[in-house]
Amino acid sequence: MDILNALVVLANFVLIPAIAYGAQLALGALGVTLIYGILRFSNFAHGDTMAFGAMVTILVTWALQGWGVSLGPLPTALLALPFGILGCMALVLLTDRLVYRFYRAQRVKPVILVIVSMGVMFVYNGVVRFVIGADDQRFADGERFIISVRDFKALTGLEEGLGIRTTQGLTVVTAVITVALLFWFLNRTRTGKSMRAYSDNEDLALLSGINPERVVMITWLLVATLATIAGTLYGLDKTFKPFTYFQLLLPVFASAIVGGLGSPVGAIAGGFVIAFSEVGITYAWKKVAEYLLPEAWEPDSLLQLLGTDYKFAVSFVILVIVLLIRPTGLFKGKSV
Amino acid sequence: MSQSVKTFGLFGLVALLILGTGFVQSWNSALLILNMGLVSALMALGVNLQWGFAGLFNVGVMGFVALGGLATVVIAMPPVRAAWAAGASGVLAALAVGALTLALAVWVTRRMARGWPRALVSLSVLVAGFVIYRALFDPAVAEIERIDPALTGYLGGLGLPVVLAWPVGGLLAAGAAWVIGKTALGLRSDYLAIATLGIAEIIIAVLKNEDWLARGVKNVIGLPRPVPYEIDLQNDPAFVERATGLGIDVTTASTLYVKLGYGLMFAVVLIGVLVLAQLALSSPWGRMMRAIRDNEVAARAMGKDVTARHLQVFVLGSAICGVAGAMMTTLDGQLTPASYQPLRYTFLIWVMVIVGGSGNNFGAVLGGFLIWFLWVQVEPIGAAVIDLVTSGMADGSWLKAHLQGSVQHMRLLTMGVILLLVLRFAPRGLLPER
């Protein structure tokens, strides 16, 4: 038995990656949930909105790198992030003006808006691929590790090492700040309160003189901000590829639904539930078991429940279980 | 303009477009567009059955299409005897254990009262079943995949005629649809969308990773064909004589002959399904489906079993997509799981249905042909446009190279714009529901 080493292995391969991934999913799911709460439809274009925001950030990052601007140990992308957010805001506001507003005025059924968002998804997808191509793009720079496996071993003298990448630390810090600001905005400011009022009861909100177009605009601005941050963090941590962002749609939606559509707290909880199950179920537990179990019991198999290619299956199964047992999600969301 | 005149006119336009391709480009590309157009039209009919008749939002078309593709491999490829001897019993036993486990878990949840004991018992049934399943499954799969991995490394199929795979593909898709429908129908429409999106990704993941089943990303090539091979035709003196008699080059004649053969077979299937769908639409059953779609509560009050009808139409529509998928894989002659992309196999089909006119079978078929034609032809047209735009730029400039390299992405953009325009200005499609 060697609990300490087992813990380090667990942290290195499961806890830290899952926390970072969970934070990225939570930011994505917050965007989905906000749109659902205010505009009342499931936005299929959200993955590609994330891709667009990340793309603008990458382009600005490259320009900054070209001029020799850098943040030292931190990735230059942080400096470019505000520009990415602005670009994404311009895009979604333009989309809302050209596309969604027409249907909002007609008060169409939500499912029509879902189909419309499918069209928007095609367009965003095409634009992103047209501008930056369909291939992998790397834009991370600066210090790679906060603490590397080798340093950790030298520091503690343990057999196993614990590596924390800068991007993982950055993801968590940025996500915490973003979520804190978002909740402050929603709960403390007048605009945020009017948004929640609009989400809870549209008619009553209109009666109290809340301007719906303004609420919708603020929502889109928030969504663009969240999507760009989520997209950029995911791209920094893993890699930027337009198709991957499209595929993120499933875990992001799963997070939002598991947490309860329309509930911001739920979106965050859902993001971590999905991330931890994905990483936990596709991780080969052999090494942890070796440290924890007596030698005679050591397993010869990898103790991997599912191959990593089945990670979509994990978010899907959790989604189905939640839908069957508790259709409104962990935190009572809307059920229209 | 009356609807039937409009229908004839629009179908005539599609025919002209395809004939035009034949005259301008080549008859081979025209027939290729026609064949895939037939398959696309069939898929669109399936989606139209679900969305147009019943208002069910299925975005997992890709999964059902891929299951149809799997059927062709399972039915038509010759069996790998050594692999069957080595591991078939193990795999089948493992799958049986898996099915039993699920059945037992469902039975337990049905029989026991709600509460912690029930959750504990069903969870332990699932865990125990999973452990036994993996213990049987893993060694058997390793045995199968060890046999000549460069060429086979899978179980192979049943060695039956490939046309038999079409109905079987439909059955496979129907089975999957039944399972999804049982769980996700009756919930909100968006949830069905997410559920189908997920199941499609899972089916593709299974196809990519379960090498014992259909070789995964190593692909199965050389599927048997229902039509003769070009090379046999070229060596057949009677065919050569007829070709020269018609004044066509023998090689071209053989490729055209093969494609026409496929086209005829597909057309028979499409017309059959179209007639059935048309009869269904005007039957009392079709009226009931539309009544449910338009007002679920009222239909329920009239004593209609809404959930059962939804399940029925969902299974039927998915089965049609499965048949179309099997036909497509037969046409390709190979199963390449990596080529299944949701934008192409799910959302493009949706564009076809919406543009054609949801709720109208002829509309779905028209949309299938028209959008497929555009999907194929947007690339050369886009290239021409880009050439025109960039003609003024200096050779070797960065922007020119970038624009010319991005032509292939014009497709997605165009499809999105078409979908948005149709939704905005003709929300009921080119051929609206009557």
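- An unreviewed UniProt entry annotates chain B as Amino acid/amide ABC transporter membrane protein 2, HAAT family (TC 3.A.1.4.-) originating from Marinovum algicola.

- By the naming in an unreviewed UniProt entry, chain A goes by Amino acid/amide ABC transporter membrane protein 1, HAAT family and is assigned to Marinovum algicola.
- Of the comments in the UniProt record for chain A, the one headed Sequence similarities (unreviewed entry) reads "Belongs to the binding-protein-dependent transport system permease family. LivHM subfamily."
- Taken verbatim from the UniProt record of chain A, the Subcellular location (unreviewed entry) comment is "Cell membrane".

### Focus: the domain arrangement of chain B
It is common to give the size of an interface as the accessible area that goes away when the parts come together.
Residues and elements named next belong to chain B.
Consideration 1: If you check the domain split of chain B, you get domain 1 (3-79 + 156-425) and domain 2 (80-155).
Consideration 2: A C-alpha centroid distance of 33 Å is found between domain 1 and domain 2.
Consideration 3: In this complex, domain 1 contributes 14 residues to the contact, which on the side of domain 2 involves 16 residues.
Consideration 4: Summing both partners gives a buried area of about 1100 Å² for domain 1 against domain 2, and 57% of it is carried by carbon and sulfur.
Consideration 5: On the domain 1 side of the interface with domain 2, the three residues burying the most area are Pro 79, Trp 212 and Arg 215, jointly 61% of the side's total.
Consideration 6: Along the contact surface separating domain 1 from domain 2 lie zero salt bridges.

### Considerations on unusual backbone geometry
All names here are of chain A.
Consideration 1: Positive phi is not limited to glycine here, since Arg 40 has a value of about 65°.
Consideration 2: Positionally, Arg 40 belongs in the loop between helix H1 (3-39) and helix H2 (46-67).
Consideration 3: Positive phi outside glycine occurs at Arg 107, with the angle close to 55°.
Consideration 4: For Arg 107, the location among the structural elements is in the loop between helix H3 (77-106) and helix H4 (110-132).

### Observations regarding the interface of chain B and chain A
Consideration 1: With 47 residues of chain B at the interface, the matching set in chain A holds 50 residues.
Consideration 2: Taking both sides of the interface into account, the surface hidden between chain B and chain A amounts to around 4200 Å²; carbon and sulfur atoms contribute 76%.
Consideration 3: Here chain B and chain A share zero salt bridges between them.
Consideration 4: Linking chain B to chain A there are seven residue pairs in polar contact (both at pLDDT 80 or more).
Consideration 5: Mapped onto the side of chain B that touches chain A, the elements with two or more residues apiece are helix H5 (116-146), helix H7 (189-209), helix H15 (342-356), helix H17 (398-405) and helix H18 (410-425) of chain B.

### Section: the nonpolar core
Consideration 1: One finds Phe 44 and Phe 240 of chain A together with Leu 42, Phe 57, Phe 347 and Trp 350 of chain B to be the most contacted residues of the largest nonpolar core, which totals 224 residues.
Consideration 2: Residue contributions to this core reach at least three from each of two domains, namely domain 1 (3-79 + 156-425) and domain 2 (80-155) of chain B.
Consideration 3: Setting aside its immediate chain neighbours within four residues, Phe 57 of chain B contacts Phe 44, Val 111, Val 114, Ile 115 and Met 118 of chain A together with Trp 51, Ser 189, Leu 192, Ala 193, Thr 196 and Trp 350 of chain B.
Consideration 4: One finds Ala 6, Leu 10, Val 279 and Tyr 283 of chain A within the second-largest nonpolar core, a separate group that totals nine residues.

### Considering the UniProt feature "transmembrane region" (unreviewed entry) in chain A
All names here are of chain A.
Consideration 1: Per the UniProt entry, the sites bearing "transmembrane region" (unreviewed entry) are residues 6-39, 51-71, 77-99, 111-132, 168-186, 215-236 and 305-325 in this numbering.
Consideration 2: In residues 111-132, the share of helix is 100% and the share of strand is 0%. The end C-alpha atoms are 31 Å apart.
Consideration 3: Split by type, residues 215-236 is 100% helix and 0% strand. Its first and last C-alpha atoms lie 32 Å apart.

### Concerning the packing of aromatic side chains
All names here are of chain B.
Consideration 1: Applying the stated criterion across every chain yields a total of 24 aromatic pairs over all chains.
Consideration 2: Ring geometry for Phe 130 against Tyr 133: centres 6.3 Å apart, planes inclined by 35°, an arrangement best described as tilted. Of the two residues, Phe 130 and Tyr 133 both sit in helix H5, three residues apart, roughly one turn of that helix.
Consideration 3: The exposure class assigned to Phe 130 is partly exposed, which follows from its relative accessible area of 29%.
Consideration 4: Taken together, a centroid distance of 6.0 Å and an interplanar angle of 40° make the contact between Tyr 262 and Phe 266 tilted. Pair noted here: Tyr 262 and Phe 266 are both in helix H11 (residues 250-282), with a separation of four residues, about one helical turn.
Consideration 5: The ring centre of Tyr 229 lies 4.6 Å from the NZ or CZ of Arg 225, which sits over that ring.

Rules used in this analysis
Residue positions are counted from 1 within each chain, in the order its sequence is given. To label them, take the chains in the order written and letter them from A, then take the ligands in the order written and number them from 1. Local features in this predicted model are restricted to residues of pLDDT 70 or higher, and side-chain atom pairs are both shown and tallied only at a pLDDT of 80 or more, whereas totals for entire chains, interfaces and linings draw on every residue. Only heavy atoms go into the side-chain values, all of them from the structure, while hydrogens and water stay out. UniProt positions are given in the numbering used here, feature names are shortened, and annotations may be inferred rather than shown by experiment. Per the annotation, domain bounds derive from an automatic or database assignment of domains. Contacts between residues were defined by any pair of non-hydrogen atoms, one from each residue, lying within 4.5 Å. Buried area: the accessible surface (1.4 Å probe) lost by two parts on joining, summed over both. Any carboxyl oxygen of Asp or Glu within 4 Å of a side-chain nitrogen of Lys or Arg constitutes a salt bridge here. Secondary structure elements follow DSSP: runs of H or I of four or more residues count as helices, runs of E of two or more count as strands, with numbering from the N terminus. Two N or O atoms form a polar contact when they lie within 3.5 Å of each other; inside protein one atom must be a possible hydrogen donor and the other a possible acceptor, and for residues adjacent in sequence the pair counts only when both atoms belong to side chains. What is meant by a nonpolar core is a set of buried Ala, Val, Leu, Ile, Met, Phe, Trp, Tyr and Cys residues, joined one to another through side-chain atoms within 4.5 Å. Residue burial is assigned from relative accessible area. The probe radius is 1.4 Å, only protein chains are included, and a residue is buried under 20% of its type maximum, exposed over 50%, and partly exposed in between. Under the pairing criterion, centres of Phe, Tyr and Trp rings, with the six-membered ring standing for Trp, must be within 6.5 Å; the plane angle then separates stacked pairs below 30 degrees from edge-to-face pairs above 60, leaving the rest tilted. Whether a charge sits over a ring depends on NZ of Lys or CZ of Arg being within 6 Å of the ring centre and within 35 degrees of the ring normal.

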